[in-house]
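# Structure assessment
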Amino acid sequence: MMVLIWSSAMMLRRFCCFSTSASSSLASAPFSSLNKKRRLVFLGSPQVAAIVTQPPSGRDRGRKITPSPVAQHALDKGFPSDLIFTPVKAGEVNWGQMITIQESFLENFKSLEPELCVTAAYGNILPSKFLKIPSLGTVNIHPSLLPLYRGAAPVQRALEDGVKETGVSLAFTVRQLDAGPVISCQRIDVDDQIKAAELLELLFAQGSELLLRELPFIFDGSAKRKAEEQDESKATLAPKITPKESWLSFDQEAITLHNKVRAFAGWPGTRAKVMIVDPQNGQSNTTELKIITTRVYNGAKAQSGDADDVVFNKGSLIFPCGRQTALEVLEVQLPGKKVVNASAFWNGLRGQKLKRI
């Protein structure tokens, strides 16, 4: 039995799609070690698989309790609710409750007699007791080229660093964070305009294919023998992103800001303080502007009366940045408003000046 431990509904859909399309080609793969039950598990049969995901939470303004995206997607597809496990995190209940809940979850999980667990963006650290249950271990689809970018935000931190290449790794899970032996990896080039959500989807698609390709070798034991230990001297971390990181400082170079906008797209987003000045009476108003889409400005130096002036040029807001660079801002969002392109925003100023802060 294979158990899927995911917190991304998109990832679950990807796996099911690839499982179905790849079934014919996998028939010729080395499945000598796989019995019929294993094959059905691999194809996602609800009767012999289970899902572990984050517990329900209040998601809308009314704080209505709703399942995680993965749980909801599984339920929508007719997956048995008694095979969807949602263990709580430490800190959400008292210590006595936590021990009871964990023991109950582990007991139920062990009763499934799983051979393999697959994790992808689960978001919780798996305890040693859990890792000892699957006879073939647990493998993780991690969206980076391990040992680079271990941690909670590998895609965002890679984009923030402006990498030209990244990838996805399939690795065995150990107690240390993302430090298990790597079974296989897939490299991809990174476009300088791609945002975190797009790159994450691309890497998870590649990761699904990687899992399908390597799954027969995981089941027959050869994957464990060929898996390579990570080089600890090359390990880097990708710590969780915090909302306070979302602020932009135009003292930095344009490329640094552009990479941050791409990395933090979606959540938490990137924000800047700007000043709107009425040239007729000199009155000014400071407001928060969410920066949605950017690119590095490579045109001729924009003419401006002041070093902090933001100008409009060919459909873009041109923000002066550090080291005599400039950032083109293509889409923005005012608090409580919809995302608009730079032209619409500039027209809405009605002749007022825009300054960076």
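Here is what the cut-offs are and how they apply
- Residues numbered from 1 in each chain as written.
- Predicted model: local features only at pLDDT ≥ 70, side-chain atom pairs only at ≥ 80, totals over all residues.
- Heavy atoms only, no water.
- Helix = DSSP H or I, 4+ residues; strand = E, 2+ residues; numbered from the N terminus.
- Buried < 20%, exposed > 50% of the residue type's maximum accessible area, 1.4 Å probe, protein only.
- Contact = heavy atoms within 4.5 Å.
- Areas by Shrake-Rupley, 256 points an atom, 1.4 Å probe, with all protein chains shown as cover.
- Pairing = 2+ DSSP bridges.
- Phe/Tyr/Trp six-rings, centres within 6.5 Å; stacked < 30°, edge-to-face > 60°.
- pLDDT = per-residue confidence, 0-100.
- Core = buried A, V, L, I, M, F, W, Y, C linked by side-chain atoms within 4.5 Å.
- Arc of directions from axis to C-beta.
- Salt bridge = Lys/Arg side-chain N within 4 Å of Asp/Glu carboxyl O.

## Some words on the overall build of the protein
For the protein, the helix and strand inventory stands at 10 helices and 16 strands. Residues classed as buried in the protein amount to 48% of the 357 residues present. Looking at the protein alone, contacts between residues at least 24 apart form 67% of all its contacts between residues at least 6 apart. Accessible area for the protein stands at about 18,500 Å²; split by element, carbon and sulfur atoms hold 51% of it.

## Points about the pairing of strand β11 (residues 284-296)
Pairing of strand β10 (residues 270-277) with β11, which is carried by eight bridges, proceeds in the antiparallel orientation. Counterpart to Met-275 in the pairing with β11 is Thr-286. The turn linking β10 back onto β11 is made up of six residues, and Gly-282 within it adopts a positive phi angle of 80°.

## As for the packing of aromatic side chains
Per the stated rule, a full pass over the model turns up two aromatic pairs. Ring geometry for Phe-250 versus Phe-319: centroids 4.8 Å apart, planes at 15°, classification stacked. Highlighted residues: Phe-250 in the loop between α8 (222-226) and α9 (254-263) and Phe-319 in strand β13 (residues 316-321), separated in sequence by 69 residues. Exposure class is identical for Phe-250 and Phe-319. Each is buried. On the basis of an interplanar angle of 15° and a centroid distance of 5.5 Å, the ring pair of Phe-312 and Trp-346 is categorised as stacked. With a gap of 34 residues between them, Phe-312 in strand β12 (residues 309-313) and Trp-346 in helix α10 (residues 342-349) connect regions that are remote in the sequence.

## Considerations on the pairing of strand β6 (residues 116-120)
Counting buried positions along β6 gives five out of five residues, so the element sits mostly inside the fold. Here β6 pairs with strand β7 (residues 138-142) via three bridges, running parallel. Among the inter-strand pairings, Cys-117 is bridged to a residue of β7, identified as Thr-138.

## Things to note about the confidence of the model for the protein
Overall, the prediction assigns the protein a mean pLDDT of 83, with 78% of residues at 70 or greater. When the criterion is pLDDT under 50, residues 17-28 qualifies, and its contacts beyond four places in sequence or with other chains add up to 14 contacts. In the model, residues 38-48 has pLDDT below 50 throughout and makes 25 contacts with residues more than four positions away in sequence or in other chains.

## Details of the nonpolar core
Soluble globular proteins tend to bury their nonpolar side chains together. Ranked by internal contacts, the top residues of the largest apolar core, which has 34 residues, are Leu-116, Val-139, Ile-141, Leu-159, Leu-170, Ile-183 and Ile-218. Of all the elements in the fold, those that place two or more residues in this core are β6, β7, α6 (154-160), β8 (165-172), β9 (182-189) and α7 (196-219). Ranked by residues supplied to this core, first place goes to α7 with nine residues. Discounting residues that sit within four places of it in the chain, Val-139 has contacts with Leu-116, Cys-117, Val-118, Thr-119, Leu-170, Ala-171, Phe-172, Thr-173, Ile-183, Leu-211 and Ile-218. Counting residues in each nonpolar core, the second largest holds 21 residues, with Ile-276, Leu-289, Ile-291 and Leu-349 among its members.

## Considering the environment of Glu-253
Along the chain, Glu-253 turns up in the loop between α8 and α9. With residues near it in sequence (within four places) discarded, Glu-253 still touches Cys-321, Gly-322, Arg-323 and Thr-325.

## Things to note about helix α3 (residues 69-76)
Every buried residue of α3 is accounted for by Val-70, Ala-71, His-73 and Ala-74. The buried residues of α3 all sit within an arc of 165° when viewed along its axis, so they share a single face. Looking one or two residues past α3, Gly-78 carries a phi angle of roughly 85°, positive in sign.

## Focus: α9
With eight of its 10 residues buried, α9 lies for the most part within the structure. Along α9, the residues that are buried comprise Ala-254, Leu-257, His-258, Asn-259, Lys-260, Val-261, Arg-262 and Ala-263. Buried residues in α9 make contact with α6, α7, β10, β11, β13 and β14 (325-333).

## Remarks on unusual backbone geometry
Backbone phi values are negative for most residues with the exception of glycine, while trans is the configuration of most peptide bonds. Of note, the bond from Leu-146 into Pro-147 is cis; its omega dihedral lies within 30 degrees of zero at 15°. Among the secondary structure elements, Pro-147 is positioned in the loop between β7 and α6. Going from Trp-267 to Pro-268, the amide bond is cis rather than trans, its omega being 0°. In the Ramachandran plot, Arg-323 falls in the positive-phi region, its phi being about 55° despite a non-glycine side chain. Counting through the fold element by element, Arg-323 comes out in the loop between β13 and β14.

## Some remarks on the pattern of salt bridges
All told, the structure shown has 11 salt bridges when counted by the stated rule. As a salt-bridge pair, Arg-150 and Glu-232 come within 2.9 Å of each other at their nearest N and O atoms. On the criterion of sequence distance, the pair formed by Arg-150 in the loop between β7 and α6 and Glu-232 in the loop between α8 and α9 is long-range, its members being 82 residues apart. Residue Arg-150 is classed as buried on the basis of its relative accessible area, which comes to 4%. Given a relative accessible area of 42%, Glu-232 falls into the partly exposed group. The salt bridge involving Arg-157 is made with Glu-160; its shortest N-O contact spans 2.9 Å. Taken as a pair, Arg-157 and Glu-160 lie in helix α6 at a separation of three residues, close to a single helical turn. Salt bridges here are not isolated pairs; linked through shared partners, they connect Arg-157, Glu-160 and Glu-245.

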